[in-house]
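One letter stands for each residue in the lines below.
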Amino acid sequence: MKDDPPSSLPSRHRFGHPRNASNIPVKDDPSSSLPSRHRFDHQAERLVSQRLSALRCGDSGYISDVRDPRATSGSEIERRLLEMGFVEGAYVEMLHKGFLGQDPLAVRINQSVTVALRRREADAVLVKLIVSEKR
Amino acid sequence: MSDADVLPASAWRPRRLTPAQRLHPWRVALVGGPNSGKTTLFNTLTRSRQKTANYAGVTVERKSGILVTPARHTVEVIDLPGSYSLRARSPDEAITRDVVLGRQARETMPDVIICVSDATNLGLHLRLLLELKKVGRPIILALNMIDIARRNGCLIDIEAMARTLGVPVVATIALRSSGVKELVTQLDDVLGQLTQQALQEGRAPAQGDSASPSTWKEPSVSEIRAYHQEIDQILKTAILNEGTPERFSRQVDNVLLHPVFGFLMLLAILFLIFQAVFTWAAVPMDWIEAGFAALQAWIGSAMDDGMLKSLLVDGIIAGVGGVVIFLPQIMILFFFILLLEDWGYMARAAFLMDRIMGGVGLNGRAFIPLLSSFACAIPGIMGARAIAHSRDRLITIMIAPLMTCAARLPVYVLLIAAFIPNTTVWGGWVGLQGLVMFGLYAAGIVSALLVAWVLQATWMRGEHQPLIMELPSYKMPSAFNVMLGLWDRAWVFLYRAGTIILTLMVLLWFLASFPGAPADATQPAIYYSFAGMIGRALEPLLAPIGFNWQIAIALVPGMAAREVAVAALGTVYALSGDEEAVAETLTTVIAHDWTLATALALLAWYVFAPQCLSTLAITKRETNSWTWPLFMFGYMMALAYVAAFITYHLAVALGAG
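Residues numbered from 1 in each chain as written. Chains lettered and ligands numbered in written order. Predicted model: local features only at pLDDT ≥ 70, side-chain atom pairs only at ≥ 80, totals over all residues. Heavy atoms only, no water.

## Brief notes about the overall build of chain A
In step 1: What chain A contains, in helices and strands, is 2 helices and 6 strands.
In step 2: Walking chain A from its N terminus toward its C terminus, one meets helices and strands in the order β-β-α-β-β-β-α-β.
In step 3: Per-residue burial for chain A yields a buried fraction of 52% across its 135 residues.
In step 4: Taking as baseline every contact in chain A between residues at least 6 positions apart, the subset at least 24 positions apart corresponds to 66%.
In step 5: Carbon and sulfur atoms make up 49% of the accessible area of chain A, which totals about 6600 Å². (Helix = DSSP H or I, 4+ residues; strand = E, 2+ residues; numbered from the N terminus. Buried < 20%, exposed > 50% of the residue type's maximum accessible area, 1.4 Å probe, protein only. Contact = heavy atoms within 4.5 Å. Areas by Shrake-Rupley, 256 points an atom, 1.4 Å probe, with all protein chains shown as cover.)

## Some remarks on the overall build of chain B
In step 1: A count of helical and extended segments in chain B gives 27 helices and 12 strands.
In step 2: Scaling as 2.2 N^0.38, a compact globule of 657 residues should have a C-alpha radius of gyration of about 26 Å, and chain B matches this with 29 Å.
In step 3: Dimensions of chain B, computed from the C-alpha atoms along their principal axes, are close to 90 × 60 × 45 Å.
In step 4: For chain B, the residues scored as buried account for 55% of the 657 residues in total.
In step 5: Counting only contacts in chain B whose residues sit at least 6 apart along the sequence, the fraction spanning at least 24 positions is 73%.
In step 6: The positive charge centre, built from 48 side chains, and the negative charge centre, built from 48, are 7 Å apart in chain B. (Rg over C-alpha atoms; globule rule 2.2 N^0.38 Å. Lys, Arg positive; Asp, Glu negative; His and termini not counted. Charge placed at Lys NZ, Arg CZ, Asp CG, Glu CD.)

## Looking at the packing of aromatic side chains
All names here are of chain B.
In step 1: Overall, the coordinates contain 16 aromatic pairs over all chains when judged by the stated rule.
In step 2: Taking the centre distance of 5.7 Å and the plane angle of 85 degrees together, the rings of Trp-509 and Phe-514 count as edge-to-face.
In step 3: Given the relative accessible area of 12%, Trp-509 is considered buried.
In step 4: Overall, Phe-514 belongs to the partly exposed group, its relative accessible area being 21%. (Phe/Tyr/Trp six-rings, centres within 6.5 Å; stacked < 30°, edge-to-face > 60°.)

## Re helix 21 (residues 530-542) of chain B
Residue and element names in this part refer to chain B.
In step 1: Here helix 21 is 13 residues long and its end C-alpha atoms lie 18 Å apart, about the 18 Å a rise of 1.5 Å per residue gives.
In step 2: Within helix 21, burial applies to Ala-531, Gly-532, Gly-535 and Leu-542.
In step 3: Considering only its buried residues, helix 21 is in contact with helix 20 (479-513), helix 22 (549-554), helix 25 (596-608) and helix 27 (627-653). (Expected span 1.5 Å × (residues − 1).)

## A few points about the interface of chain B and chain A
In step 1: Tallying the contact residues gives 46 residues for chain B and 49 residues for chain A.
In step 2: Of all residues in chain B, Glu242(B), Arg250(B) and Ile468(B) give up the largest surface area on contact with chain A, accounting jointly for 14% of the area buried on that side.
In step 3: Scanning the region where chain B abuts chain A turns up 7 salt bridges.
In step 4: Here Glu83(A) makes a salt bridge to Arg87(B), at a shortest N to O gap of 2.7 Å.
In step 5: Inspection of the chain B/chain A interface yields 14 residue pairs in polar contact (both at pLDDT 80 or more). (Buried area = accessible area lost by both parts, 1.4 Å probe. Salt bridge = Lys/Arg side-chain N within 4 Å of Asp/Glu carboxyl O. Polar contact = N/O pair within 3.5 Å; in protein donor to acceptor, adjacent residues only side chain to side chain.)

## Description of the nonpolar core
Residue and element names in this part refer to chain B.
In step 1: With 130 residues, the main nonpolar core has Tyr-345, Phe-493, Phe-547, Ile-590, Trp-594 and Trp-605 as its most contacted residues.
In step 2: With 10 residues, helix 25 is the single largest residue contributor to this core.
In step 3: Ignoring anything within four residues of it in the chain, the contact list for Ile-590 reads Leu-414, Leu-415, Ala-418, Phe-419 and Tyr-573.
In step 4: One finds Ala-29, Leu-86, Leu-126 and Ile-173 within the second-largest nonpolar core, a separate group that totals 41 residues. (Core = buried A, V, L, I, M, F, W, Y, C linked by side-chain atoms within 4.5 Å.)

## Structural notes on the sheet that holds strand 8 (residues 169-171) of chain B
All names here are of chain B.
In step 1: Here 7 strands make up an open sheet; going across it, the order is 2-3-4-1-5-6-8 and the pairing mixed. Both outer strands of the open sheet, strand 2 (50-54) and strand 8, are each paired with one neighbouring strand and no more. The sheet shows a mean angle of 25 degrees between the axes of neighbouring strands, taken without regard to direction.
In step 2: With respect to the sheet, helix 20 is in contact with strand 2 and strand 3 (61-68), its orientation differing from that of strand 2 by roughly 50 degrees. (Pairing = 2+ DSSP bridges. Axes fitted to C-alpha atoms, helices over the stretch in contact; angles between N-to-C directions.)

## A closer look at the environment of Ile316(B)
In step 1: With respect to the secondary-structure elements, Ile316(B) resides in helix 12 (residues 307-324).
In step 2: Separated by 186 residues in the primary sequence, Ile316(B) and Leu502(B) have C-alpha atoms spaced 7.3 Å apart.

## A short note on the pairing of strand 3 (residues 91-97) of chain A
In regular strands, side chains alternate between the two faces of the sheet.
Residue and element names in this part refer to chain A.
In step 1: A large share of strand 3 lies buried, amounting to 7 of its 7 residues.
In step 2: Inspection of the sheet shows strand 3 paired to strand 4 (residues 105-109) by 5 bridges, in the antiparallel sense. Looking across to strand 4, one finds that His-96 is bridged to Ala-106.

## Some points on the environment of Tyr474(B)
All names here are of chain B.
In step 1: If you trace the backbone, Tyr-474 turns up in the loop between strand 12 (468-470) and helix 20.
In step 2: Tyr-474 sits 368 residues away from Arg-106 along the chain, and the two C-alpha atoms are 38 Å apart.
In step 3: Here Asp-253 takes part through its side chain, which lies 2.7 Å from a polar atom of the side chain of Tyr-474.
In step 4: Among the polar contacts made by the side chain of Tyr-474, one reaches the side chain of Arg-348 at a distance of 3.1 Å.

## Observations regarding the packing of helix 18 (residues 408-419) of chain B against helix 19 (residues 432-457) of chain B
Residue and element names in this part refer to chain B.
In step 1: At a closest axis distance of 11 Å, the pairing of helix 18 and helix 19 adopts a crossing angle of 145 degrees. Here helix 18 and helix 19 pass one another in a crossing that is right-handed. Between helix 18 and helix 19, the residues in contact are Leu-409, Tyr-412, Val-413, Ile-416 and Ala-417 and Gln-433, Val-436, Met-437, Leu-440 and Tyr-441, respectively.
In step 2: In terms of residue class, the contact of helix 18 with helix 19 is made up of 9 nonpolar, 1 polar and no charged. (Left-handed = near helix turned anticlockwise from the far one by under 90°. Nonpolar A, V, L, I, M, F, W, Y, C, P; charged D, E, K, R; others polar.)

## A look at the side chain of Asp59(A)
Residues and elements named next belong to chain A.
In step 1: Along the polypeptide, Asp-59 turns up in the loop between strand 1 (46-51) and strand 2 (60-66).
In step 2: For Asp-59, a relative accessible area of 5% corresponds to the buried category.
In step 3: Within the structure, the side chain of Asp-59 is placed 2.9 Å from the backbone nitrogen of Arg-56, a separation counted as a polar contact.

## Details of the confidence of the model for chain B
Residues and elements named next belong to chain B.
In step 1: On average, chain B scores 86 in pLDDT, and the residues at 70 or more come to 94%.
In step 2: A low-confidence stretch, residues 1-7 stays under pLDDT 50, and its non-local contacts, those more than four residues away or across chains, total 15 contacts.
In step 3: Below a pLDDT of 50 lies the segment residues 9-14, which in the model reaches 19 contacts outside its immediate sequence neighbourhood of four places, other chains included.
In step 4: Scored as a complex, the prediction yields pTM 0.82 and ipTM 0.79. (pLDDT = per-residue confidence, 0-100.)

## Examining unusual backbone geometry
In step 1: Residues Phe514(B) and Pro515(B) are joined by a peptide bond in cis, for which omega reads -15 degrees.
In step 2: Examined against the element boundaries, Pro515(B) turns out to sit in the loop between helix 20 and helix 21.
In step 3: Its identity as a non-glycine residue notwithstanding, Asn110(A) has a phi of 50 degrees, on the positive side.
In step 4: Notably, Arg72(B) is not glycine yet its phi reads approximately 65 degrees, a positive angle.

## Brief notes about the side chain of Glu76(B)
In step 1: Here Glu76(B) shows up in strand 4 (residues 74-79).
In step 2: Once you skip the residues sitting within four places of it in the chain, Glu76(B) turns out to touch Pro25(B), Trp26(B), Arg27(B), Val28(B), Arg62(B), Ser64(B), Gly65(B) and Ile66(B).

## A few points about the state of the cysteines
In step 1: Enumeration over the complete set of coordinates arrives at 0 disulfides over all chains.
In step 2: With no disulfide partner, Cys405(B) has as its closest neighbouring cysteine sulfur the one in Cys376(B), 6.4 Å distant. (Disulfide = S-S within 2.5 Å.)

Structure below.
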């Protein structure tokens, strides 16, 4: 999958930063779970695309595409995924997996809602994985 | 949380409604996601003035309550099934959509819609509000769980949000009065405006009106994406500080959803629930039984013998006792279900069980109801309410009676003691009697899974249901919610199901008592009763499976409950005395009178046969129709007959005849 330039991703994902320019103090939490080098600098990070079901626990990334590989566009699975918040540009983290066959998966979207889904549905979500240096 | 924080009852709810208030209340619908705290808000608004019924023709429950506002508006609040969108993905969500759009039979369109959103997950919940705006009704947005958002450091500019959205926004904490009072004040404003509008147009208020036509239609995928963009924009302006995401739930889940440890915790919790329903409930059940027996004895000694006494003592009091005795198990089971759901653990349990149960097409949340069916299917069938999806709920209800319930044990014990020798097999390791008992349990479970698979593959085929479920953050359970929920379930059971069960019990008593034995009777009285006639009429049908006329007659009063079969057999064989004495003598009598093949056939029969009217009655109540209990009766009878037939002839062929 070709790496699209990061500017095509919606710019909403700057957590911990104030939305407006007023003087509301920002809590700079160094232990925030987002990688701190959160700039769209594609020399510093390699963005690798994978199916959501292939992520390991602790991996995170941005959704690049939501499309059911087994059906045409606009299928029921695609709709349900979109409805639960799996939309292009959302930040996802793989949290937990089931113990039998690593199914179902628990994923956190945009650091707010946690969603459980099966591998079969997760296959429809393509994620640009953030591969950090320490791996 | 002190009592002062909860709304005082005297504040704005007068005890009695005037006739005018009762006739034309305003209708307000509570719409929101499944984990938005909507039901808690409903409970706080309406407290004990709640009514549970069913929507016409479907299994979905209708929860409504009455609220009288400070401005003296009488409001009927309806708690609609949780949904993330007006697009219906299940029959329950279809109800939400239909009621909101005014399409539901016998429901008028709501006057005002209160959209309840989880303030910590606005990205997910706001889309519903955008869809509701297209419906054309006045809306109030309640940002629920605002305390959790604030605790995470999230600052929301409520005015900015109200301006951008174009609807009034109120921040609420469902159990605290502060936000809820503001919500009701806002509601008063809206109702005031509606009244003005009605008066200007020359109509009586709250009687339905010419609403602006709804422009809602099911969003396509591109429209859903557009909604997400729109929500992003709204949140950019309205959220001043996103705060840090909550860590506690994630840390707890690292333990509770751990592949090994999480599963062990689940087993521990399930074992605890099972113990509670099976063992702890036995104490109050014994009290109830003793209480009713004392009542029977007292009335029995105070009255002369005769028809009226028999009706009162053996029919009505026994019937009422037979209903009330289910209460401890139901209360205990629902206590755990409501607690776990409020806390947030139910979703985790469904997550862990999904792989196992999804294989046969069952919902992960079906596990607890099915587990408690090992004690008694009645609370299990009621507990299926925890499953949000109609079809999954129906399948769970249909297979719950196949789980070997405690009432089957007296029958199993009787037959095993009489016919299975007390020897060991496999080199002295395993007792034969225990092995047979285990086999019977296993037969129940396996048949339940098979029936579930067949049902979901053929008749009840719905669309493939993907599991996409929110795992809510952990929250402190509310004692208020749990108590209200328990009260609601007890009422529903006693009033709705209890009346049916009582009627059926009295009917059975009648069949077993009339007509009495003639003067020159050679057989016990039951032989000459209607029950006896039915049994004798059934005998030729039951002969191919090896049942004699005594069994045939005993099965008729045995329909009351499974364990009654032992007492019924005792009556047919003219044994008298207390339960244990009868059972002991009975063991010897049938050991002489029956063949092994007959006994095995009867065991197989009892694995499947629907010998429990209470189960059928509760199924009627939970499914809101007679079709499903009749279907349950039919398929279980068919399975019982076939199983007994095969067992009998196999046993005869192997020389046990």
